[in-house]
Structure formats: structure tokens, C-alpha cells
Amino acid sequence: MRAPLVVKRAFSEPLLLLAAFGSILLATTTLVALTMYASSIADAGVRRTMETASYRQTATTVSAPVTAETFPRFDAAVRDAFARAYTPPPAITTSFRSDSYVMPGQEDRKRPELLRFGSYDGFDRHANLISGAWPRPGRRPVEAAISLPAASATGFEAGREFTVRGRLDPRPVRVRITGVFQLDDPSGDRWAGEQLLSRGVERGEFTTYGPLMVARETFVARFATSVNATWTVEPDLREVTPEQLRPIADGIAGIGERLKAAGCGPCVAAGDLPRMLAQLDTASLVARSTMLIPVLQLLLLAGYALMLTARLLADHRRMEVALLRSRGAGTGRLAALAGGEALLVALPCAVAAPFLGPPLLALVSALPWVRASGVRLEPSADLGSFLVSSGVAVAAAVLLALPALAGARRTYVEEQSARGRGGGRGLVERAGADLALLVVAGLAIWQLQHYGAPVTATTAGGLGIDPLIISGPALALLTGGMLGLRLVPRISKAAARLTARRPALAPALGAWQVSRRPLTYAGPALLLTMAIAIGLVSMATAATWRASQLDQARHQAGADLRLSGPSEGPELGALGRGTAFTALPGVTAASPAFRGQSEVSGEIATLLALDAGKLGELFHLRPDLSAQPVAELSRGLAGSRAGRLELPGRPATLTLRAEVDAELPLRLVLTDGLGVWRDVSLGVLRPGANRMEVDLRALAGRTGKITYPVALRGLVAGTVEDTATLRLTGLSADGHEVAPPALSMTVRGDRPATAAFAPSSTPGPLPVVLTADLAASLRLGVGQEGRASIDRRIMPVKVVGVVESMPTTSAGQPAVLADWETLQASELAAGQLPRPATEWWLATGDGSGDGSAATDALEKHPEWDVSAVDQRELAARLMDDPLASGLQGALMLGFAAALVFAVLGFLVNAVVAARERTAEFAILRALGVSARQVFGMLAVEQTFVIGLSLVAGTALAAVVGVLVVPHVVLTGQAAAATPDVRLDIPWAATGAMLVLVAGVLLAIVAGLARSLRGQGHGLREEQ
């Protein structure tokens, strides 16, 4: 008979049981959906990262010195070791670099120029032939291909034959150049350690050209004289799952030991893959753990809402339970009734939630940032989801039954004596538990700020989710709400005293009612406060995340559009690239730029050179990263400039005449109208009069155009055996004489020498902007001068600005920013060749960063060999990262659930409270209080709860947002964002949400008042 009694008893309170059912169903469904979502996001994030990983991240290299005899054995050992480490076996390519060979015709020099040979498996897949054919193995003479930059520097062309001798191997090698090639992506990660191959020339103690690429069989047979061989391993990791990340990382980390055990003693393995996989494993764990933050907040809110409903149910049945006990019902019987009733409500939720979770996730998939990430959330109900829903449902049933069990021991007389006015302070407040909870929440948030993520090291040496850190935000919200309850009695009493002096009855009665029973209103107020705070924190986190992604995109791009690639190519030469780029649609400003790794006083730093006059239009520096605005940095960076001799008109050819008294290698330095610097080889001048022709059109490439005017900057001489003197005797452009300046120079030995075509401004220290860590290392501050070594050349510098982080660099990367023209002038004065324009920085449109028209135009010209970094596309890619964007879907789920809990809890509490006071309202009506005044009193009471909750929830969200949000917004690799995250609270959206919530809640009050109006007349007559 127990089951029918349970069912009959449950249906006697349909409103409260329906509210409990709704709360449990909402909690179980949302939490099941969140667990499905976390798992799906982790899988999608790992898959996306592997699909978009760069060559440098996934490739592993093994290097060893080899000879023709040892290479086959080492090669077999390497291939076998990696075949065991990966499934399926990875692609492996082998590359070689030879010893140095003396340039033909320089065998008798004390300091000759040098050549190197090389080989690379499948090289034709990474380069394009400009002329000739690829070399073939087993040919006599040795067939070789040369890069375009090396061909330009050496003068070698397809079909040229010559003989070279090695500095260590005296055997002569007869070589035939069969082709000239251009790398597809000279600045790509694949060639990061191959500067000679990408640039064609290296200038140091010796000048080296090459490498001349030969077939693998040719290299092993002829050049493998204890030279370095490199095996590059490129695995296919697109199907890797999160569970496989750590095992693969451990397997690759131990490859070096396995190679030595296999007989490849000198083999040295290197690569970022183990670190990347370990980082990705950490990122996956951090993503899942971070998504637990809204889960715990939701659990806390759901638990409190259910306890509030359970308390109302228990209070409503106090007398009923007391009567049952007086008639012989024991504690066990009452507990069975309460538990059965709770299970009757909870068990259907446990069954339904796994099936309702996927449709709920379908709504999440419709969110723009989730849909754009390519994540397709298609989970189905499985054992794990049923376990989660069952656990949540059982816990909810326990919470629902506890208040009824707590009052099961009271008799009817005890219940009658306990009725009356509630106290002014709750049990939690009297015990000081809220203050103790504040300490725990403070410790949790401190740990979150300290560790930067809710993941810490475990005792086993791995990483695990820290439950204290995870619970920090939820505890902070609960603690803040509970501390806010201490204000309810004080505020209500102050309101009662204030309204008592007014003639209006309704406000006075409403305020008095709240002040005499503050605990009755404290429960709904805390529920609303926590719900509002959770919703606002979710909105602030989402807004902060989006703002951080935009900041990261602006920082990484540096400009609206940044183009990189070889400084010149067959289609667009050095003086043709800028003309083509500045003509792209939407481009409003442009600057050539040099960006590369340089040694600055012993530290590897990024050297960046831009046109200082264009910084305001191009340079994306977040204002808080520098004490000086960009306009001030722009003015300070402009330093001494090199003199220039402008050529009249639009000449296509240039003729120089000079006299020298000894052989002298000579180069001409010139610039175009866009400020691009280019050096041109004038060959080796012979003693006596020399005539040198320069084809300016060739400097623009086959399809490029020069931006005029062209200006001559200076002459740079190479090394000589003893001493050489040069005097410029004539200069003409397109056959028209140009008055030559009185230009002469004397070159002594291997010391660099230069001569300028026009006087330069007084040289001074190089103005620079430094990153804060580099400035501290150099012990220089803003406005101070000192000496720094840049690329092993000591030069005076003046610091005009310090930034926390330089755009286009990663966190902690030292960097130097200089003016393009000033840096080139400094290089020229020191006898150095000008730095190439490795990049072009462009401003597009109105500065919004939308370079889509320009990038669309670039895609139509693949022959230009350009890599584009579009700020807009970069921001979209960052926002599309599943691991980074996954938290947003979880926040939206938690946000929506929190608002539903708030409305549901408020509705139930308001209806029950009003229903219990119908007799009180009837008496007031019988005493002459008008219906308008009664309903005004009710509105005052509920408006007090609503207003206090909205204000307290907003204040609590702001505090928790400041303490928590910047530390949970991370990159997709679970690293701190660069630049640092700044809290962004969308106040307009916040205000709109508060107005919407207030409107819904006040509509509930109005509906309740309308319902009571219909019952009021009958109740008054009955009373």
C-alpha cells in the first residue's frame, strides 16, 4: 500500500512537486549535456590542432656525421626506430650538407669565397624550376641545381661548367649547373635552419654561396666525407585522440636512446613534437577542467534551488507530518514516504536526461563561435551519460528528502509551538560558516591566480584537476551571496523605518513584512543573487574571451595585413613587390619591413624595422603595453638618414664608370620610391677604367613595375688582397648623363668600405624601442643612450620607448624595433649590405583589419610567392579553436540554466508565499484595506527581493569577474594569452539582461496579484 500512498501524497502538492521535477530535470539534462560537450570539444580540439599543426611542431629530426660506408647502416636504424614509434610509419626525408669548396678561380686567394653542396629527398616538391632541369644521379660531370639568390650572387647560370676543390678534400670536382630554382616558401619552418639555402649567401669570416643541390646518390658517393646528414620525420597525426597524446610523446622522447641501442651512436634526435603533444594533452585536460567551472556553479545553484523547494514543501507539510506522527507513524515510515516521493520525482529525470542532452547540444552547435569552429556535436546516450544523470538524480532526491526527515521527529504540539515569527539570523550566519567559506574561496581563487589554470601537478609527477581551484568561482559566488544576506535584515529595517514616516500604507506594510521575517525572503534573494551573478560572470567571460582573441590577433598580425616571403622572385623582383602590394584593393598605407632573429648583446631577439612615419597607421600596439603612445614612438624612432642621389625620370638602365688601381668586388646600393633598399653586384672591377651596366627593369621581375624615383645610396666594396682605390668618373641613366658626385673610396684588406652618393645627416645613436626584459638586460631606460651589439656589430643606441611585448612576437620574446630608413643608413655607413624587405606591412580599409579584398587578390597570384597574415582571418581562426572556444558553449548552457533556475525558484517561492498568506490578505481586506493597497504591499515585498538580488548579483559578478575571469581565459594550448587578458564586462548587454530578468520577475508578481484579485472577494466574505 506504500506506493499508492506515496503517489497520492505527491499529487496532493502538484505545484511544489512539479517545481522540484523541473529543477531536477533541468539540472540532470544540463549536466549530462555539459559532460557530453566537454568530451566532444576535447576530441575536436585535438583533431583540429593536429590538422593545422605546422611543420616545425610535428617534424622530428635526427642528425649524425656520416660517410659513404656508415650512412646505409644509420639510415636503416633511423627508419626502423620511427616505424616502431608511429602507426602508420611516417614519411622520412634525408638531407645533407657538404664541406666547403673554393669558388672557381679563387684557389690562390688567402681568403677565398666558398661553395657548398647539398641534397634533399624530394626537393622538387618544395621548389620550382626557373630554368633548366633537376640534376640526375650518376652523371659526369656532377649535375647540380642552384637557388635564384645564389645564382644572382655568383653569376652561375644553367649550362655553366666549372671545377672546384674542397678545403678538406683536395680531389677536383667537375660540376655542371643544370637548373636554377626558387624555394616555394623560403621563410617557412622547413628551412628555418637552412639560411644558406633560403638566402643563397652567408657572410661571416668567409663568404659562402650555395648550396648546389645534387641527387642523393651523387652526394653519398662523392661528398659524404664525414659530413652531416639529417633525417626529417613527418608523421600523420590527424587521427590522434586525447588518450594517445601522452604515450606518443613519451615514445618520441625516448627515440634517441633507442637509436643508440640500435647502433647509431652519434645520432642526435631533436624536435618539438614531444613538447607539443604534452602541451596539447595539458590543453585538453585544462579545457575539460575549465568547463567544470560552470558545471560546479550550476550544481551549486541547482542544489540550492532544490533545497529551497524542499524547504517550502517541508514547511507546508509540517503539521501534516506532526499529525501522522501523533497517529503512530514512526520515523522509518515517514522517511520512506519522503524518500519514495523524492525518488518518484527524480528517477524519471535520470532516465530522460541522457536523451534530452543531445538535442540541447544541437542548440549549442547553433551558436556562431561553435558552428564556426567546425565542431559537430553529435553525441548519443551512453553508459557514462546514464551514470551522470543517475548520480545527479539520486543526489537531488536526497536533497529533496532531507528537510522532511529533519522535521520527522517533532510532535504536533512541538510544531504548534515552533510556528511564529522567524529569527533575524540564519543558522549559517550564526555559526559563522559564511566567513569560513570566504576563507576557503579566497584560498581557491589565490591558487587559480597563482597556477594560471585549474590543473596542478600530482604526487605521481603528472597533471590532474585540482578540485579546490575548480570550485573557487562557485564558492566565491556562494560566499558573496551568503555575505550579502547579512544585509537583508539591516536594509529591511532601514526601509521599514523610512516608509513608516510616509502616509502611504502599502510601502509601509511591505517593508514591515520583510523586516519582521527577513529569513523568509533571504532564500529567494540568495537564489536570485547567485543566478544573476552566474549569468553576468558567464557574459563577462564570453566577452573577455572574444576581446582577448581580437587582442591576440592584432598582436600576432602586427598590422591589418602582413605579407612575407622571399625579398625577390622571378615574377616580382625586389623593386617590383612593393608596387604590386600597394596596388592591392583597400590598401591605404604600406611599409617595407625587416623581421628576423638577431643577436642583441648575447640574447636572441627579434629585430623589427618599419617606416617610423607609418607606425600610426600600421602598428597595432595595445595602449596599455607601452607608456608612450604610438605617435610618440613614431616621432622618436626617426634618426639620421642616408644621403640619396635621385635619378631623373623613369630610367630603365643605369651606367656607371669608375677607375680602380687593383681588383675590387663592388656592389651598388639603391632604393625605389617606396623606400625599398637593394644591392646590385657590379662584378669585380679590373685595374684601370671600368664600365658597369645595371638593368633596373630586371630588379622589378618579369611582371613587376618599379615605383619611381630611383635613388642611388652608395657603393659597398668587398674584400681585397692588399689595398684598392676607386674613383667614380661617370654616371648616366638611359644614356643621359647625370652629374656624378665626387665619389671615391680606399679599401684595405678585409675591412668593409663604403662610399655615399650624397652627404648624410649627422650620424647619431640608433633610436630603438625595446621590450621591457631586453631593456632591463641592457640596463637602459626611456631616453637613455648606451651601446649594444646587434648581429655582432657594436653600435650606439638610444631607447625612445619600452613595451611589455612587441607585436608579432610571443610572450617573453626579447625584441627591438627600429626605423627602416635609419637602420639601413646605419648598415650602409658600416659597410654592410642593406637588409632585405622580408615583409610588407599594410593598412587596409578604415583600419578595421578587414583585408579580405586584398587577400582575395593575392590568391589570384600564386606566382608572387607570398604568405599573408590577415588580422581578420587570424582572429577568426583563433575564435574557431575548439579548445579555446569550448568554454563559451559551456558558459552559455550554464547561463541559460541559471536564468531558468532563477525564474523557476522565484515563481515557486512567490506563489507559495502568497498562497500561505491568503487568509492574511482577506483579513486586511476585511479591515478596510483596499485591493490596490494589498497588492501594492505584495509588490513592495517582491520588488525588494528582486531589486536587492539584481544589485547584489551585479556587484558580486563584478568582484568575481575581476578575481577569476582573466585567469580562466587561456589560449587553445592552455597557455597565458599574449598580450595579457583584460576583463571586459559588456555593460550594455548586462543592463539589457537585468532589465529583461526584472521584467520577467515583475510580470510574475503582476500575474500573481491578478490571480489573488480573483480570489480576494470570496476569501474576505469567508473570513
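As the structure is a prediction and not an experimental result, all values here were calculated from the model. (Residues numbered from 1 in each chain as written. Predicted model: local features only at pLDDT ≥ 70, side-chain atom pairs only at ≥ 80, totals over all residues. Heavy atoms only, no water.)

Trainee: Where do I start with the overall build of the protein in this structure?
Mentor: Regarding its fold elements, the protein presents 33 helices and 33 strands. Residues counted as buried form 53% of the 1023 residues belonging to the protein. Put simply, 80% of the contacts in the protein that link residues at least 6 apart link residues at least 24 apart. For the protein, the computed accessible surface area is about 43,900 Å², with 57% contributed by carbon and sulfur atoms. (Helix = DSSP H or I, 4+ residues; strand = E, 2+ residues; numbered from the N terminus. Buried < 20%, exposed > 50% of the residue type's maximum accessible area, 1.4 Å probe, protein only. Contact = heavy atoms within 4.5 Å. Areas by Shrake-Rupley, 256 points an atom, 1.4 Å probe, with all protein chains shown as cover.)

Trainee: Sorry if this is basic, but what is going on with the environment of Asp 611 here?
Mentor: With respect to the secondary-structure elements, Asp 611 resides in the loop between strand 17 (603–610) and helix 24 (615–618). Using a relative accessible area of 26% as the deciding quantity, one classes Asp 611 as partly exposed. With 23 residues separating them along the chain, Asp 611 and Ser 634 place their C-alpha atoms 8.6 Å apart. In this structure Asp 611 touches Ser 591, Pro 592, Asp 819 and Trp 820, once residues within four positions along its chain are discounted. Within the structure, Asp 611 has its side chain in polar contact with the backbone nitrogen of Gly 613 (distance 3.0 Å). (Polar contact = N/O pair within 3.5 Å; in protein donor to acceptor, adjacent residues only side chain to side chain.)

Trainee: Looking at this structure, I do not really get the nonpolar core. What am I missing?
Mentor: For soluble globular proteins, nonpolar side chains are generally found buried alongside one another. If you look at the biggest cluster of nonpolar residues, it comprises 82 residues, and the most contacted ones within it are Leu 654, Leu 656, Leu 668, Leu 715 and Leu 726. With sequence-adjacent residues up to four places away left out, Leu 668 is seen in contact with Leu 654, Leu 656, Arg 678, Asp 679, Val 680, Leu 682, Val 694, Leu 712, Gly 714, Leu 715 and Phe 757. Ala 33, Ala 533, Leu 956 and Val 997 belong to the second-largest nonpolar core, a separate cluster that totals 78 residues. (Core = buried A, V, L, I, M, F, W, Y, C linked by side-chain atoms within 4.5 Å.)

Trainee: Help me understand the packing of aromatic side chains in this model?
Mentor: What describes a pair of aromatic rings is the distance from one ring centre to the other and the angle between the planes of the rings. Throughout the structure, instances matching the rule amount to 19 aromatic pairs. Measuring from ring centre to ring centre gives 5.3 Å for Tyr 101 and Phe 117, while their planes differ by 90°; the resulting arrangement is edge-to-face. In this pair, Tyr 101 is assigned in strand 3 (residues 101–102) and Phe 117 in strand 4 (residues 114–120), connecting sequence segments 16 residues apart. Assessed through its relative accessible area of 3%, Tyr 101 is described here as buried. For Phe 117, a relative accessible area of 0% corresponds to the buried category. Where Phe 355 meets Phe 386, the ring centres are 5.6 Å apart and the plane angle is 75°; that geometry is what we call edge-to-face. Residue Phe 355 is located in helix 13 (residues 331–365), and its partner Phe 386 is located in helix 15 (residues 383–406); the two are separated by 31 residues in the primary sequence. Pairwise contacts between aromatic rings join Phe 71, Phe 96, Tyr 101, Phe 117, Phe 219, Phe 223 and Trp 231 into one cluster. Note that Arg 222 overlies the ring of Phe 223, its terminal NZ or CZ placed 5.8 Å from the centroid. (Phe/Tyr/Trp six-rings, centres within 6.5 Å; stacked < 30°, edge-to-face > 60°. Lys NZ or Arg CZ within 6 Å of the ring centre and 35° of its normal.)

Trainee: Before we go on, may I ask you to explain the environment of Leu 383 in this structure?
Mentor: In this structure, Leu 383 sits in helix 15. Assessed through its relative accessible area of 64%, Leu 383 is described here as exposed. When the C-alpha positions of Leu 383 and Pro 354 are compared, they lie 9.3 Å apart, and in sequence the two are 29 residues distant.

Trainee: Could you clarify how one ought to interpret the side chain of Gln 871 in this entry?
Mentor: Along the chain, Gln 871 turns up in helix 29 (residues 871–879). On the basis of relative accessibility, which here comes to 8%, the residue Gln 871 falls in the buried class.

Trainee: Just checking my understanding: could you explain the environment of Leu 400 for this structure?
Mentor: Looking at where Leu 400 falls in the secondary structure, it is placed in helix 15. The spacing of Leu 400 and Ala 346 is 54 residues in sequence and 9.3 Å in space, taken between C-alpha atoms. Each residue touching Leu 400, except ones within four places of it in the same chain, is listed here: Ala 20, Leu 306, Ala 310, Ala 342 and Val 345.

Trainee: So what exactly am I meant to see when it comes to the pattern of salt bridges here?
Mentor: Pairing between side chains of opposite charge can happen when their charged atoms approach one another. Within the structure shown, the criterion is met by 29 salt bridges. The partner of Glu 143 in a salt bridge is Arg 136, with the nearest N and O atoms 3.1 Å apart. The partner of Asp 870 in a salt bridge is Arg 872, with the nearest N and O atoms 3.6 Å apart. Arg 872 sits in the partly exposed class, given a relative accessible area of 35%. The structure contains a network of salt bridges with shared partners spanning Asp 75, Arg 79, Asp 121 and Arg 216. (Salt bridge = Lys/Arg side-chain N within 4 Å of Asp/Glu carboxyl O.)

Trainee: Help me understand a nonpolar patch on the surface, please; the structure alone is not making it clear to me.
Mentor: Together, Val 394, Val 398 and Leu 402 give the surface a local cluster of nonpolar side chains, amounting to about 240 Å² of exposed area. Inspection of the secondary structure puts Leu 402 in helix 15. (Patch = residues over 30% accessible without salt bridge, like charges linked within 9 Å, V, L, I, M, F, W, Y side chains within 5 Å.)

Trainee: Please explain the packing of helix 8 (residues 242–253) against helix 10 (residues 273–290) as it appears in this structure.
Mentor: Geometrically, a packed helix pair is captured by the angle between its two axes and the distance between the axes. Between helix 8 and helix 10, the least distance of the axes is 8 Å, while the angle of their chain directions is 155°. As the angle between them shows, helix 8 and helix 10 are arranged roughly antiparallel. Every pair of crossing elements has a handedness; the one defined by helix 8 and helix 10 is left-handed. From helix 8, Pro 242, Leu 245, Arg 246, Ile 248, Ala 249, Ile 252 and Ala 253 reach across to helix 10, where they touch Leu 273, Pro 274, Leu 277, Ala 278, Leu 280, Asp 281, Thr 282, Ser 284 and Arg 288. Counted by class, the contact of helix 8 with helix 10 contains 11 nonpolar, 2 polar and 3 charged residues. (Axes fitted to C-alpha atoms, helices over the stretch in contact; angles between N-to-C directions. Parallel < 35°, antiparallel > 145°, perpendicular 65-115°, else oblique. Left-handed = near helix turned anticlockwise from the far one by under 90°. Nonpolar A, V, L, I, M, F, W, Y, C, P; charged D, E, K, R; others polar.)

Trainee: Even after reading the chapter, I still don't get helix 8, so can you show me in this structure?
Mentor: With 12 residues, helix 8 should cover 16 Å at 1.5 Å per step; its first-to-last C-alpha distance of 18 Å lies within 8% of that length. Within the span of helix 8, buried status applies to Pro 242, Leu 245, Ile 248, Ala 249 and Ile 252. Looking down the long axis of helix 8, one finds its buried residues gathered within 105° of arc, a one-sided arrangement. Looking at helix 8, the residues exposed on the side facing more than 90 degrees away from the buried face are Glu 243, Pro 247 and Asp 250. (Expected span 1.5 Å × (residues − 1). Arc of directions from axis to C-beta.)

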